[in-house]
Amino acid sequence: MTINVIKTLKRLAAAALFAPTLALAAGAVLHLDKAPVSKDPAALQAGAKTFVNYCMNCHSASFVRYNTLTQIGLTEQEIRDNLMFTGERVGDLMKISASPKEQKAWFGATPPDLTLIARQRASEFGSGADWLYTYLRQFYRDPNRPTGWNNKVFENVGMPHVLWELQGEQIAKVTEHDGAKSIELELAKPGKLSAQEYDKTVADLVSFLVWMGEPVAEKRKTIGVVVLIFLAGLFALSFALKKNYWKDIH
């Protein structure tokens, strides 16, 4: 009786151990495009402009203050003139006026804060930047959805295509091969930007989201290099000192 119980417990433990792996293997594979993330201040400033004008209607960046944007080359006056429209102070957090409760009533779910979205969306299929870059270029018209939009990367997403005037309207052509559904997108109605211009706009926006997730990333890397150089020098001195102490001991 005891042996059977032990065997049963072992089987349950093995099932619990490998269940996540099996679930991952059974899940859909995402094909993400490589995001051309830039550290150029001009690209980050363009991304900040797109973020404020299109994303901050619904999404906050509540872990970042407006004056943090001086780190990408903007002055506080430029921030006030171009990125602040409702009387906030330049030291305020980048929040929207709508409350989470109101947003849930309007949209059915509260739009997420985007401060760390580029880090949260990282997966085995690619970086968070890759996911965002692909996602923002894969919206298509779907009359069966409440917003009139769907997304190839995030099926049945609740978010509408806020950049549709820039990209235009894509339609989906669904094909099936060996029981597997494949969706190909086709531009049915051009937007204000060409495909290359829209990709650049999205790349700048994604670059800004990546920067916003860790504004001190470059400083952290620089400090890391300095620390490693210091430790290497300390090791060399310690090794030389050790040799000097032990040179007469055999």
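Cut-offs used in this document
- Residues numbered from 1 in each chain as written.
- Predicted model: local features only at pLDDT ≥ 70, side-chain atom pairs only at ≥ 80, totals over all residues.
- Heavy atoms only, no water.
- UniProt positions renumbered as here; feature names shortened; annotations may be inferred.
- Helix = DSSP H or I, 4+ residues; strand = E, 2+ residues; numbered from the N terminus.
- Polar contact = N/O pair within 3.5 Å; in protein donor to acceptor, adjacent residues only side chain to side chain.
- Contact = heavy atoms within 4.5 Å.
- Axes fitted to C-alpha atoms, helices over the stretch in contact; angles between N-to-C directions.
- Left-handed = near helix turned anticlockwise from the far one by under 90°.
- Nonpolar A, V, L, I, M, F, W, Y, C, P; charged D, E, K, R; others polar.
- Expected span 1.5 Å × (residues − 1).
- Buried < 20%, exposed > 50% of the residue type's maximum accessible area, 1.4 Å probe, protein only.
- Phe/Tyr/Trp six-rings, centres within 6.5 Å; stacked < 30°, edge-to-face > 60°.
- Lys NZ or Arg CZ within 6 Å of the ring centre and 35° of its normal.

For the protein chain, an unreviewed UniProt entry supplies the name Cytochrome c1 and the organism Aromatoleum evansii. Quoted verbatim from the Subcellular location (unreviewed entry) heading of the UniProt record, the comment on the protein chain is "Membrane".

Trainee: Help me understand the side chain of His59, please; the structure alone is not making it clear to me.
Mentor: Tracing the backbone shows His59 in the loop between α2 (41-55) and β1 (61-65). Here Pro112 takes part through its backbone oxygen, which lies 2.7 Å from a polar atom of the side chain of His59. Dropping the residues within four chain positions of it, His59 is found in contact with Ile96, Pro111, Pro112, Leu114 and Met159.

Trainee: I keep staring at the packing of helix α6 (residues 128-135) against helix α8 (residues 195-213) and nothing clicks. Help me out?
Mentor: Here α6 crosses α8 at 145°, and the two axes come no closer than 9 Å. Read as a crossing pair, α6 and α8 show a hand that is right-handed. Here Ala129, Leu132 and Tyr133 of α6 come into contact with α8, specifically with Asp199, Val202, Ala203, Val206, Leu209 and Val210. Looking at the contact of α6 with α8 residue by residue, the class counts come to eight nonpolar, no polar and one charged.

Trainee: Just checking my understanding: could you explain α2 for this structure?
Mentor: One turn of the α-helix equals 3.6 residues, which is why residues spaced by three or four share an orientation. Its 15 residues give α2 an end-to-end C-alpha distance of 20 Å, which sits within 8% of 21 Å, the value for a rise of 1.5 Å per residue. Those residues of α2 that sit buried are Ala43, Leu44, Gly47, Ala48, Thr50, Phe51, Val52 and Cys55. In the core, the buried residues of α2 are packed alongside β1, α3 (76-83), β2 (93-94) and α8.

Trainee: Before we go on, may I ask you to explain the packing of aromatic side chains in this structure?
Mentor: Two aromatic rings are characterised by how far apart their centres lie and by the angle between their planes. Tallied over the entire structure, the rule returns seven aromatic pairs. An angle of 20° between the planes, with centres 4.7 Å apart, marks the rings of Trp131 and Tyr135 as stacked. Of this pair, Trp131 and Tyr135 both sit in helix α6, separated by four residues, roughly a single helical turn. You'll find Trp131 and Tyr135 in the same group, each marked buried. Both rings, one in Phe235 and one in Phe239, keep their centres 6.3 Å apart while their planes meet at 20°; by these two values the pair is stacked. Placement of both Phe235 and Phe239 in helix α9 (residues 217-246) is noted, with a separation of four residues, approximately one turn of the helix. Overall, Phe239 belongs to the partly exposed group, its relative accessible area being 45%. Ring-pair connections join several aromatic residues into one group, and the members of that group are Trp131, Tyr135, Phe139 and Phe154. Over the ring of Trp131 we find Arg121, and its NZ or CZ is 4.2 Å from the ring centre. When the ring centre of Tyr133 is taken as origin, the NZ or CZ atom of Arg137, which lies over that ring, is 4.2 Å away.

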